[in-house]
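Here's the letter readout for the chains.
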Amino acid sequence: MTTSPTIHIRGACPHDCPDTCATWVDVRDGVAVGFRADDAHPITQGWLCAKVRPYLDRVYHPDRLQHPLRRVGPKGAGRWERIGWDEALAEIATRWQQIIDTDGPAAILPYSYSGTLGLVQNVVTAARLFNRIGASGLERSICDAAASAAIAATLGAKWAPLAQDVEHANLVIIWGHNPASTNPHFMPFLRRAQRAGTKVIVIDPRRTTTARSADLLLQPKPATDGALALGMMNIIFAEGLHDEAWLETHALGWRELRERTTEYSPERVAGITGLAEEVIVALAREYATTKPALLKFSDGVQRHGNGGQTVRALLSLAAITGNIGMLGGGIFYSTSGYVVWDSEAVGHASECPPVPRIINMNRLGAALTGEASDPPIRALYVFNGNPAASTPNSSKIIEGLQREDLFVVVHDLFMTDTADYADIVLPATSQLEQVDLHKGYGHHFLQYNHQAIEPLGEARSNWDVMRALAEALGYEDTWLRQSVEEVIDEVLFATREHNPLLTGVTLERLQSEGTIPYASIEPGWVPFGDGVFPTPSGKVELASDAMVMAGLDRLPEYLPPAEFAGRIDDDQLVLLSGAAHHYVSSSLANLAVLMRKEGEPYLEINPADAAARGVADGGPVLVSNDRGSVRLRAIVTDDVPLGVVVSPKGPWARNAADGRNVNWLTSDALADLGGQSTFHSNLVTVHPVETAEATTGRRELAAMPGD
Ligand SMILES: Nc1nc2c(c(=O)[nH]1)N[C@H]1C(S)=C(S)[C@@H](COP(=O)(O)OP(=O)(O)OC[C@H]3O[C@@H](n4cnc5c(=O)[nH]c(N)nc54)[C@H](O)[C@@H]3O)O[C@H]1N2
Ligand SMILES: Nc1nc2c(c(=O)[nH]1)N[C@H]1C(S)=C(S)[C@@H](COP(=O)(O)OP(=O)(O)OC[C@H]3O[C@@H](n4cnc5c(=O)[nH]c(N)nc54)[C@H](O)[C@@H]3O)O[C@H]1N2
Ligand SMILES: [Mo]
């Protein structure tokens, strides 16, 4: 017997994570038999995270959708018939055309976000066909909108240092961010720095995995970080620890900011944050006098009603201490601003009708149930997303998805919580079955993903489905017919024209080298190192007219989120719902090996809060608020402080006994900036399931934000 040779094909991890790992797929006889990390990649460094290591379990999962399906029973009843692609495409095109004729193209809403982050299978697919149709636009603000807008206004661009350069920091503050779970390939660099003497401080209400290995953990009350940062600045200015020379040259509005910070005395900030005055003073002094100091945050800290102003306050801290533009110091949020794909090449919008209206994705449930009325949404097309599981205020979304007059198409690899409510379900390829180009948001590399195996069953990639739908609708534009490689070539060429970081980057080089660093960015390189900021003034804008236009104060300020200000019941706890260690949002949350590791969906609760409610460790609890309720398993732990409970995102509702997940509780209220989601600004009550229906008396007053 002869064995066929194993071939090795370069790829990129497509999931929503700053690491964007470089991978290898080992293929024998057309079957993927190995999935590995690239040893040579400076960030991936030869290892994959716990989530992605068993990736072939996802690719060859027995539940992979293999062919198009049409609903035969009532919506959500799970009864389907197999149909062919031609029939599916013709039915979608006919229904959409009818809707366009009666209600106009604005009645069609595409919904997509982060299933894959690839240029073609995500960015371009989300734009071209829907631009051509003139469909409703989607405001993609579920994740990072407030921080992105705050950074654009203050610094001008989302630029960050190289992960490797954390070794030059003497102090790292990780603020409302859990990289041990959410940015794992940053951790070895942080550890190395720590061993060489860098101090690491974590600021998070929860004792996270990241916090366990830090030198210090500070646990402010949720959503009070803006006040903490302003309080630190109060001390820094009062003690003359600010860098006046740097501010004079590089910043706009620093004197106004100094004036503003006088409102945030250590005493007042201690009252707001729950941290002791001495702790706040010591933190301010340490941050201002230990240089370089790196402030690393991600998205958790901005997912509150006051997220935009909170991020402005964090950025201001780095500016007033002159840390920006210094090797080892500054702000590490995201590297995504280095290469911004040329939007005309991506979407060809100038050749299309104008976008008739934009629906905020966080308001999907509201939009489907009446908020979008002129015209009402009649068709929803979901790909790269699982809103029934991942978008806030799920019960509204389910209510909307059940509308008899709404035509829902879902394109996914699996029968997800959202696909459950579809009229037509289309099977999608996995990353191993498609071609794409990726750029990391935590590093400085482009990654090319080659197709490694043939599509499973009749699965098709996002771009292939878009092309087929364009054809079924009769559009003849060449940019709706290109191959994936042609799309990459076009967007790369257009972007390279105005971005020197892509100098010398070609499709051919990407295909042969797989990983290509941005030109001229290498270890030791410092963002904003030349002191020039791509803002209107060319300076760091601490006071900002753009923010006034966006409805905020000119200066950073602290206001409690509306959800907390409207608190009516002292029995309520603040629910934080961040990333699960073993899933990426709801993706991968159907892999048995990962579900075993993550365990049954849980709620972490402080021992005193548990005792006050008769909640036992491991026992079932009903967690509720006026948006809904969900049953979870209690984990009684002092990893969470009094007044705070934690339940991560990710678990699928359809796998839970009550058919729900944590997003039945989360708010679809928008934050102060960018139409941002507010996943962490939630008040809930918690009861053991036995007494869930009983009315409970008033409890001891728990520590709450805003107190
Ligand atoms: N394993 C894993 N990795 C992921 C993801 C995943 O689902 N799983 N998701 C990916 C995506 S989509 C994103 S956007 C990123 C998110 O990356 P992160 O922002 O690192 O993740 P989160 O867990 O959402 O939030 C981080 C921390 O914010 C804390 N937090 C909440 N409210 C506050 C507050 O008011 N103040 C402070 N100081 N801290 C607060 C939470 O306790 C949490 O520990 O991760 C990406 N990586
Ligand atoms: N409670 C709570 N909820 C949250 C958050 C939170 O912190 N707390 N975080 C929010 C954040 S930051 C984010 S970014 C969102 C993410 O929300 P979504 O973008 O909706 O992400 P997922 O839930 O992972 O769903 C992605 C879907 O895309 C599918 N998919 C993957 N690859 C492909 C492909 O190539 N083609 C097609 N057609 N489908 C594909 C996957 O199988 C999966 O079902 O979740 C948000 N939800
Ligand atoms: Mo996200």
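Look a little higher up for the structure.
Residues numbered from 1 in each chain as written. Chains lettered and ligands numbered in written order. Predicted model: local features only at pLDDT ≥ 70, side-chain atom pairs only at ≥ 80, totals over all residues. Heavy atoms only, no water.

**Points about the overall build of the chain**
Phase 1: Per the secondary structure count, the chain includes 24 helices and 27 strands.
Phase 2: Overall, the C-alpha framework of the chain stretches about 70 × 65 × 60 Å when taken along its three principal axes.
Phase 3: Classification of the 707 residues of the chain by burial places 63% in the buried group.
Phase 4: Excluding contacts between residues fewer than 6 apart, the proportion of contacts in the chain whose partners are at least 24 apart in sequence is 76%.
Phase 5: For the chain, the accessible surface area stands at approximately 24900 Å², while carbon and sulfur atoms represent 51% of it. (Helix = DSSP H or I, 4+ residues; strand = E, 2+ residues; numbered from the N terminus. Buried < 20%, exposed > 50% of the residue type's maximum accessible area, 1.4 Å probe, protein only. Contact = heavy atoms within 4.5 Å. Areas by Shrake-Rupley, 256 points an atom, 1.4 Å probe, with all protein chains shown as cover.)

**Things to note about the sheet that holds strand 1 (residues 7–12)**
Phase 1: Taken in spatial order, the three strands of this open sheet run 1-2-3, and their pairing is antiparallel. Taken across any chain shown, the strands that pair with only one partner, and hence form the sheet edges, are strand 1 and strand 3 (31–37). Strand-to-strand twist across the sheet, computed as the mean angle between neighbouring axes with direction ignored, equals 30°.
Phase 2: As defined by bridge partners, strand 1 adjoins strand 2 (residues 22–28) across six bridges and the pair is classed as antiparallel. In the strand pairing of strand 2, His8 is matched with Asp26. (Pairing = 2+ DSSP bridges. Axes fitted to C-alpha atoms, helices over the stretch in contact; angles between N-to-C directions.)

**Some thoughts on the pattern of salt bridges**
Between side chains of opposite charge, a pair can form when the charged atoms approach closely.
Phase 1: Enumeration according to the criterion identifies 36 salt bridges in this entry.
Phase 2: Notably, a salt bridge pairs Arg378 with Asp103, separated by 3.5 Å at the nearest N-O pair. Of this pair, Arg378 sits in the loop between helix 15 (364–371) and strand 15 (379–383) while Asp103 sits in helix 2 (residues 85–103), and the two are 275 residues apart along the sequence.
Phase 3: Using a relative accessible area of 22% as the deciding quantity, one classes Arg378 as partly exposed.
Phase 4: We note a salt bridge from Arg285 to Glu239, for which the minimum N-O separation is 2.8 Å. Placement of Arg285 in helix 12 (residues 277–289) and of Glu239 in the loop between helix 8 (225–238) and helix 9 (244–250) is noted, with a sequence separation of 46 residues between them.
Phase 5: By relative accessible area, which is 41% here, Arg285 ends up partly exposed.
Phase 6: The structure contains a network of salt bridges with shared partners spanning Arg70, Glu81, Glu87 and Glu91. (Salt bridge = Lys/Arg side-chain N within 4 Å of Asp/Glu carboxyl O.)

**Here's the deal with the site of ligand 2**
Phase 1: Near ligand 2 you find 32 residues, and of these Ser390, Asp412, Ser577, Ser586 and Ser587 are the closest.
Phase 2: Taking Arg303, its side chain carries an N or O atom lying 3.4 Å from an oxygen atom of ligand 2.
Phase 3: Taking Ser586, its side chain carries an N or O atom lying 2.6 Å from an oxygen atom of ligand 2.
Phase 4: About the coverage of ligand 2: the protein hides 98% of its 910 Å² of free accessible area.
Phase 5: Taken together, the residues that form the shell around ligand 2 break down as nine nonpolar, 18 polar and five charged. (Near = heavy atom within 4 Å. Polar contact = N/O pair within 3.5 Å; in protein donor to acceptor, adjacent residues only side chain to side chain. Nonpolar A, V, L, I, M, F, W, Y, C, P; charged D, E, K, R; others polar.)

**Considerations on the site of ligand 1**
Phase 1: Taken together, 33 residues surround ligand 1, and among them His177, Asp204, Ala223, Asp225 and Tyr583 come closest.
Phase 2: With respect to ligand 1, the side chain of His177 contributes an N or O atom lying 2.7 Å from an oxygen atom.
Phase 3: A distance of 3.3 Å is found between an oxygen atom of ligand 1 and a side-chain nitrogen or oxygen belonging to Arg303.
Phase 4: Look at ligand 1: alone it shows 910 Å² of surface, and the protein chains cover 98% of it.
Phase 5: Among the residues making up the shell around ligand 1, the classes are represented as 12 nonpolar, 13 polar and eight charged.

**Observations concerning the environment of Asp609**
Phase 1: Within the element layout of this structure, Asp609 appears in helix 24 (residues 607–613).
Phase 2: In sequence terms Asp609 and Asp571 are 38 residues apart; their C-alpha atoms lie 9.6 Å from each other.
Phase 3: Engagement of the side chain of Asp609 in a polar contact is seen with the backbone nitrogen of Gly643, the distance being 2.6 Å.

**A word on helix 8**
Phase 1: With 14 residues, helix 8 should cover 20 Å at 1.5 Å per step; its first-to-last C-alpha distance of 20 Å lies within 8% of that length.
Phase 2: Counted residue by residue, helix 8 has 13 buried out of 14 residues, so it is predominantly covered.
Phase 3: Gly240 sits one or two positions beyond helix 8 and adopts a positive phi of about 70°. (Expected span 1.5 Å × (residues − 1).)

**Some words on the sheet that holds strand 5 (residues 80–82)**
Phase 1: Strand order across the open sheet formed by six strands is 5-4-17-16-15-6, with mixed pairing between neighbours. Taken across any chain shown, the strands that pair with only one partner, and hence form the sheet edges, are strand 5 and strand 6 (108–111). Strand-to-strand twist in this sheet, taken as the mean axis angle between neighbours without regard to direction, amounts to 20°.

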